[in-house]
Amino acid sequence: MLVLPVLTYDPLDPATVNNPYPALAALREQAPVSWHDGMSSWLVTRYADCTAVLRDHTVFARDRRRTVATVPAASLSVQSLDPPDQADVRSLFMNALRAQNLPGLEARARTRAAGLLHAAAEQPSFDVMTGLAAPLSLSVVCDLLGVDEPPLAEFAAASDAIMRSMDGGLDPALVEPGRRAREELTALVDSWFADTGRPSGLLAHVRTRIPAGAGEVEELFIRNTARVMFQGGYSTMTAALGNALHTLTRHPDVQYRLRSEPRVVPGAAEELVRFDGPVQGTSRTATRATTIAGIPIPAGDAVVLLFAAANRDPARFPAPDQLLLERRDNRHLGYGWGSHSCIGTRAAQACLRAALDALRTHPTPLRPAGTARRQPSATMRTFAVLPATLHP
Ligand code: HEM
């Protein structure tokens, strides 16, 4: 009989929330495919195994309805479908993104980031999350979609409830607030779809290209996907900016290099997402009995692919724990892989470059200014508070 090593891995343990990489490395080395009781899932940590699972959507389903689970109507979107059913809605949004002027978006984001840094520099210290990451992300996502910015504080509270509900498997009390917040944002997104006066932006593009014969279900998928782009795009972007800026405050030599060599900005935007990205992983369900790296996986079992572990796999990335701005062949899993990879990747990369550019050209570097606190979350790696200063 196959005896699997038992390792204790608690993603919500405060030390792991603070720095998950030692625990993930131990899993990857000692039990690369292992059952986790608390998460009722198999955890997969090696890069090659994660990409093999993500490639095989016939066996590993994202659509939980393929394994007899029901999915609430509010959660049906591009994220919950598998190919070939997913193809129409995914290409509708991918084409809409391609039609946007991303260099223009990046230039506006750079101006907005520079303004936020300028305002922050007038205070002795500031919170990077509320002073830069959240307002910049909201303005970039709304600019991309072509909608007016909702009030940040209210929207951030709803977005936070949705983000935290992703850990509902570990803490069921998070599910109901997430459902209510999803309803609120659905109403906002529906009002944008009803407003036919908006001439430009991604949503206007999508709205005018909904196929004539689309029924109620297809329209629901489309509106829910717009909500995912809006809320998921905002929360992931905010988390990514916070993580990237935190990393730079902890690596002053790298920040110095960035400030003196503009050409490294695009590579830095990629490497910062590999090094400490926001999305910790994703899940699939086995539609039939199978194996991953020789470990038997029964039909119906859930599988969690830990991007954060795969992105530091030494078999794929030489010196994985080092931040290397000129890392070659940096195809990390920070934006996912395959049929569910991030639709907003190019917009997110533009926003990260804009923030790094604004920071690079700001007269003073960004330095830590107190104790940072992570949000206790197994799914999204982000900060609750990230104090910093731009004072000389
Ligand atoms: C640096 C910022 C971002 C990162 C690191 C990121 C990361 C990811 C990852 C890892 C996935 C795949 C999740 C999975 O396989 O379950 C994903 C999916 C997605 N992302 Fe992003 N994202 C970012 C920003 C954005 C933005 C700005 C938008 C939209 C404006 C966006 C829209 C989406 C959508 C719609 C999906 C679902 C795609 C599908 O399931 O087919 N993301 N993102």
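Above this note sits the structure.
Remember, it's a predicted structure, so these values are computed and weren't measured experimentally. (Residues numbered from 1 in each chain as written. Predicted model: local features only at pLDDT ≥ 70, side-chain atom pairs only at ≥ 80, totals over all residues. Heavy atoms only, no water.)

J.: How should I be thinking about the nonpolar core in this particular structure?
T.: Counting residues in hydrophobic clusters, the biggest one holds 82 residues, and the most contacted among them are Phe93, Leu136, Leu145, Leu202 and Phe230. Not counting residues up to four positions away in its chain, the partners in contact with Phe93 are Leu202, Val206, Ile222, Thr225, Ala226, Met229 and Ile343. Among the nonpolar cores identified, the runner-up in size contains 20 residues, and Val33, Tyr47, Leu54 and Phe60 belong to it. (Core = buried A, V, L, I, M, F, W, Y, C linked by side-chain atoms within 4.5 Å. Buried < 20%, exposed > 50% of the residue type's maximum accessible area, 1.4 Å probe, protein only. Contact = heavy atoms within 4.5 Å.)

J.: I would appreciate a short explanation of empty space enclosed by the protein in the present structure.
T.: Any empty space left between atoms is shown by rolling a water-sized probe over those atoms. Scanning all chains against the criterion turns up one cavity of 30 Å³ or more. The volume enclosed by the largest cavity comes to roughly 60 Å³. Around the largest cavity, the lining residues are Tyr21, Val273, Arg274, Gly277, Pro278, Val279, Gln280, Phe307, Ala308, Asn311 and Gly334. Elements with a contribution of two residues or more to the lining of the largest cavity: helix H12 (265-276) and helix H13 (307-310). Grouping the constituent residues of the lining of the largest cavity by class yields six nonpolar, four polar and one charged. (1 Å grid on protein atoms, 1.4 Å probe; cavity = no way out; pocket = protein on both sides within 12 Å on 5 of 7 lines; lining within 4 Å. Points joined across faces, edges and corners; volume = space filled by probe spheres on them. Helix = DSSP H or I, 4+ residues; strand = E, 2+ residues; numbered from the N terminus. Nonpolar A, V, L, I, M, F, W, Y, C, P; charged D, E, K, R; others polar.)

J.: Would you take a moment to explain the environment of Gly277 for this structure?
T.: Note that Gly277 resides in the loop between H12 and strand S5 (282-286). For the pair Gly277 and Ala133, spaced 144 residues apart in sequence, the C-alpha to C-alpha distance is 14 Å. Those residues in contact with Gly277 that lie beyond four places of it in its chain are Tyr21, Asn243, Leu272 and Arg381.

J.: Explanation requested: the coordination of the iron atom of the ligand in the structure shown.
T.: For a metal bound by four donors in tetrahedral geometry, the ideal donor-metal-donor angle is 109.5 degrees, whereas six donors in octahedral geometry ideally sit at 90 or 180 degrees. Its sole protein donor being Cys342 (SG), the iron atom of the ligand sits 2.3 Å from that atom. Mapped onto the elements of the fold, Cys342 is located in the loop between H13 and helix H14 (345-361). (Donors = N, O, S within 2.8 Å, 3.2 Å for Na, K, Ca; no water.)

J.: For this particular structure, what's the right way to read the pattern of salt bridges?
T.: Once the charged atoms of two side chains with opposite charge are near each other, the side chains can pair. Using the criterion set out here, one finds 22 salt bridges in the structure. Across the pair Arg360 and Asp357 runs a salt bridge whose closest N-O atoms are separated by 3.0 Å. Note that Arg360 and Asp357 are positioned in helix H14 at a spacing of three residues, about one turn of the helix. One connected set of salt bridges, linked through shared partners, spans Glu106, Arg110, Arg353, Asp357 and Arg360. (Salt bridge = Lys/Arg side-chain N within 4 Å of Asp/Glu carboxyl O.)

J.: I keep staring at helix H10 (residues 216-250) and nothing clicks. Help me out?
T.: Relative to the 51 Å expected for 35 residues at 1.5 Å per residue, H10 spans 50 Å between its end C-alpha atoms, a close match to the ideal helical length. Within H10, 25 of the 35 residues are buried, which leaves it mostly tucked inside the rest of the structure. (Expected span 1.5 Å × (residues − 1).)

J.: How should the sheet that holds strand S4 (residues 126-127) be read in this particular structure?
T.: Backbone-to-backbone hydrogen bonds pair the strands of a sheet. The strands run either parallel or antiparallel. Spatially, S4-S12-S9 is the arrangement adopted by the three strands of the open sheet, whose pairing is antiparallel. On the outer flanks of this sheet lie S4 and strand S9 (367-368), each paired with one strand and no other. (Pairing = 2+ DSSP bridges.)

J.: Is there a simple way to think about the layout of surface pockets in this case?
T.: Its volume calculated, the second largest pocket comes out at about 280 Å³. Around the second largest pocket, the lining is made up of 17 residues, and of these Asp160, Tyr234, Thr238, Gln375 and Phe383 lie nearest the centre. Mapped by element, the contributors of at least two residues to the lining of the second largest pocket are helix H6 (128-145), helix H7 (152-165), H10 and strand S11 (383-385). Top element by residues in the lining of the second largest pocket is H7. It accounts for five residues. When its residues are assigned to classes, the lining of the second largest pocket shows nine nonpolar, six polar and two charged.

J.: What exactly am I supposed to notice about the site of the ligand here?
T.: Close to the ligand lie 26 residues; Arg62, Arg90, Thr282, His340 and Cys342 are nearest. Between the ligand and the protein, one listed contact pairs an oxygen atom with a side-chain N or O atom of Gln86 at 3.2 Å. One of the side-chain nitrogen or oxygen atoms of Arg90 is found 2.8 Å away from an oxygen atom of the ligand. Among the secondary structure elements, those contributing two or more residues to the shell around the ligand are H10 and S5. In terms of residue count, H10 provides more of the shell around the ligand than any other element does, five residues in total. Across the shell around the ligand, the residue classes break down as twelve nonpolar, eleven polar and three charged. (Near = heavy atom within 4 Å. Polar contact = N/O pair within 3.5 Å; in protein donor to acceptor, adjacent residues only side chain to side chain.)

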